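Structure at a glance
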Amino acid sequence: MERRDFIKIGCGVFGVTAAAAFLQGCSKLGTSNTPQGPSVNITLDLTQPANAALKNINGYVYDNSGIIVVKTAATTYVAVAAACTHQGCTIGWDGSSKNFICPCHGGTFDTNGNVVSGPPPAPIKKYTVTINGNILTIAG
Ligand code: FES
């Protein structure tokens, strides 16, 4: 092998390796494990007509602070940020899969806000929900 051929092969191997490292780096751009969502500290009165959906399992409401609240079981409520971490569409609740689903590109989040599937690059924020009589306090 001549010196010129050796340099050509070496540059080719280096180029492929550099390209692979570059592409791997690119695939991680824009991803985060940090849940995304607003900070909230609100109460919802379950006796108010606007919150009537929360009387039924799988019923849900949106609060104007940017969250969605779901009744997932008889005495269990889940509150998460309503904006998808992909492009900001408002997620909805799918009672059959017990996941939050984004209507725009099919991003799916579990009840902890973690990404189950689809393009969202980060989890959505989950809030603490406490129940006192007919009052839900949602904070986080
Ligand atoms: S905006 Fe939600 S998956 Fe794209």
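Report on the accompanying structure. What you see as residue numbers is a count from 1 along each chain, following the sequence as written. Where totals are concerned, whole chains, interfaces and linings use all residues; where local detail is concerned, this predicted model gives features only for residues with pLDDT of at least 70, and gives and counts side-chain atom pairs only at 80 or more. Side-chain figures throughout are based on the complete set of non-hydrogen atoms in the structure, without hydrogens or water.

Considerations on the overall build of the chain
Put simply, the rule reads: Only DSSP runs of H or I reaching four residues or more are called helices, and only runs of E reaching two or more are called strands; each is numbered from the N terminus. A 1.4 Å probe rolled over the protein chains alone gives each residue an accessible area, and that area as a share of the maximum for its type sets the label: buried under 20%, exposed over 50%, partly exposed in between. Contacts between residues were defined by any pair of non-hydrogen atoms, one from each residue, lying within 4.5 Å.
Helix and strand counts for the chain stand at 1 helix and 10 strands. Counting helices and strands in the order they occur from the N terminus, the chain gives α-β-β-β-β-β-β-β-β-β-β. Out of the 140 residues in the chain, the part that is buried amounts to 29%. When contacts within the chain are restricted to residue pairs at least 6 apart in sequence, long-range pairs at least 24 apart make up 44% of them.

A few points about the nonpolar core
One broad rule of soluble globular proteins: the nonpolar side chains tend to lie buried together. So the rule is basically this: The nonpolar core is taken to be a set of buried Ala, Val, Leu, Ile, Met, Phe, Trp, Tyr and Cys residues, with the residues joined through side-chain atoms within 4.5 Å.
Of all hydrophobic cores here, the largest spans 26 residues; its most connected members are Leu44, Leu54, Val69, Ile91, Phe100 and Ile138. Elements with a contribution of two residues or more to this core: β1 (41-45), β3 (67-73), β4 (76-81) and β10 (135-139). Among the elements that line this core, the one with the most residues is β4, at 5 residues. Beyond its immediate sequence surroundings of up to four residues, Leu54 is in contact with Leu44, Leu46, Gly59, Tyr60, Val61, Val69, Val70, Lys71, Tyr77 and Leu136.

Things to note about the packing of aromatic side chains
Stated formally: In this analysis, rings of Phe, Tyr and Trp, with Trp reduced to its six-membered ring, are considered paired at centre separations within 6.5 Å, and the interplanar angle assigns stacked below 30 degrees, edge-to-face beyond 60, and tilted for intermediate values.
Enumeration according to the criterion identifies 2 aromatic pairs in this entry. Ring plane angle 90 degrees and centroid distance 5.8 Å describe the contact between Tyr60 and Tyr62, whose orientation is recorded as edge-to-face. By relative accessible area, Tyr60 is classed as partly exposed at 33%. Relative accessible area serves as the criterion here: at 42%, Tyr62 is assigned to the partly exposed category.

Side note on the side chain of Thr85
The topology assignment puts Thr85 in the loop between β4 and β5 (92-94). Discounting chain neighbours no more than four positions away, the residues touching Thr85 are Gln36, Phe109, Pro120, Pro121, Ala122, Pro123 and Ile124.

What to know about the state of the cysteines
Quick reminder of the rule: Note that a disulfide, as used here, is simply two cysteine sulfur atoms within 2.5 Å.
Going through the model one piece at a time under the given rule, you end up with 1 disulfide. A sulfur-sulfur separation of 1.9 Å characterises the disulfide bridge that pairs Cys89 with Cys104. Taking the torsion about the S-S bond as the criterion, the Cys89 to Cys104 disulfide, at about -95 degrees, is left-handed. Here the residue Cys89 occupies a position in the loop between β4 and β5, and Cys104 occupies one in the loop between β6 (99-101) and β7 (108-109), the gap between them amounting to 15 residues. Since its relative accessible area comes to 38%, Cys104 is described here as partly exposed.

Here's the deal with the side chain of Asp63
The condition that has to hold: We count Lys and Arg on the positive side and Asp and Glu on the negative side, and we leave His and both chain ends out. By salt bridge we mean one thing: a side-chain nitrogen of Lys or Arg within 4 Å of a carboxyl oxygen of Asp or Glu.
Residue placement: Asp63 occurs in strand β2 (residues 60-63). Despite its burial, Asp63 pairs with no opposite charge; the closest candidate is Lys125, at 13 Å N-O. The contact partners of Asp63, leaving out residues within four places of it in the chain, are Ile42 and Leu44.

Looking at the pairing of β1
Within a regular strand, side chains alternate between the sheet's two faces. Put simply, the rule reads: Only strands that DSSP links by at least two bridges are regarded as paired with each other.
Across the two faces of β1 the burial differs, with Ile42 and Leu44 buried and Asn41, Thr43 and Asp45 not buried at all. Bridging between β1 and β10 involves 5 bridges; their strand directions are antiparallel. Each bridged residue has a counterpart across the sheet, and for Leu44 the counterpart in β10 is Leu136.

Some points on the sheet that holds β7
By way of backbone hydrogen bonds, the strands of a sheet pair with one another, either parallel or antiparallel. What the 4 strands build is an open sheet, ordered β5-β6-β7-β8; its pairing is antiparallel. In this open sheet, the two edge strands, each paired with only one partner strand, are β5 and β8 (115-117).

Function-wise, these values are silent; they only describe arrangement.
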